[in-house]
Amino acid sequence: MSNLLKIDNIEKYYGSRSGLTKAINNISFEVSKGEFVAIMGSSGSGKTTLLNCISTIDRVTSGHIYMNGVDIYENIALSLSIQDKGYQEIDKLIKDTAKKLGITHILNKYPYQMSGGEKQRVASARAIITEPKLILADEPTGALDSKSSKMLLDSFNYLNDELKATILMVTHDAFTASYAKRVIFIKDGEIFNEIIRGEKTRKEFFDEIINVVTLLGGDLNDAL
């Protein structure tokens, strides 16, 4: 598989010269097209800052982030372009995407009439309807019960397996991370470890994730 995303020796500082905080310390990794990668770490580990830099919400202090070989900060304006699609094409895209995610029955509902899981799947539909190269998810199951979490993660698996969507997901939860194909662990702004699911079952991968969390020194114990 070819690389879609390349994180190249990035660092991120906050504060002034008299009081700098280093949120990300020299992180590098790559994500191939069609991969489903989870990033795990405790609160304050730098995982959300990393995702914010990739999504261009925030900007790195040093280093580079490349999408298809192009530095994303040289290419920000592309995300502001408006797609010129007609009503019929939009309607078809909506119905097709809703069918894939199993939410056709709620298309005419108002948000207050939907469950938490339905709202999350609508958010997923909104994310994929324009066929993005990369889907970024920050704690996607954080506010959901176990049933809704599983429904959303099953949707992510469908997007990844059937539609070949590339997903980069930040989470502190081992169960959520076990749905990914690769997990990168971050501690104190640095990459601590990385594991690949390969041919393992999701349960076997979950157990391996728990083992790494234990090596982290229990930083995530409160979250599991």
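Since the model is a prediction, treat every value here as computed from it, not as a measurement. (Residues numbered from 1 in each chain as written. Predicted model: local features only at pLDDT ≥ 70, side-chain atom pairs only at ≥ 80, totals over all residues. Heavy atoms only, no water.)

So, about the overall build of the chain. Of the regular secondary structure elements, the chain holds six helices and nine strands. Expressed as a percentage of the 224 residues in the chain, the buried residues total 40%. Taken as a whole, the chain presents about 12,400 Å² of accessible surface, with 50% of it coming from carbon and sulfur. (Helix = DSSP H or I, 4+ residues; strand = E, 2+ residues; numbered from the N terminus. Buried < 20%, exposed > 50% of the residue type's maximum accessible area, 1.4 Å probe, protein only. Areas by Shrake-Rupley, 256 points an atom, 1.4 Å probe, with all protein chains shown as cover.)

Turning next to the packing of aromatic side chains. Working definition: an aromatic ring pair is given by the centre-to-centre distance plus the angle between the planes. The tally for this structure, following the rule as stated, stands at two aromatic pairs. Between the aromatic rings of F36 and F156, the centroid separation amounts to 6.3 Å while the plane-to-plane angle is 70°, which identifies the pairing as edge-to-face. Pair noted here: F36 is in strand β3 (residues 36–40) and F156 is in helix α4 (residues 146–161), with a separation of 120 residues, a long-range link. For the pair shown, F36 and F156 are each scored as buried. Here F175 and Y179 contribute two aromatic rings whose centre-to-centre distance is 5.5 Å and whose plane-to-plane angle is 70°, an arrangement assigned as edge-to-face. (Phe/Tyr/Trp six-rings, centres within 6.5 Å; stacked < 30°, edge-to-face > 60°.)

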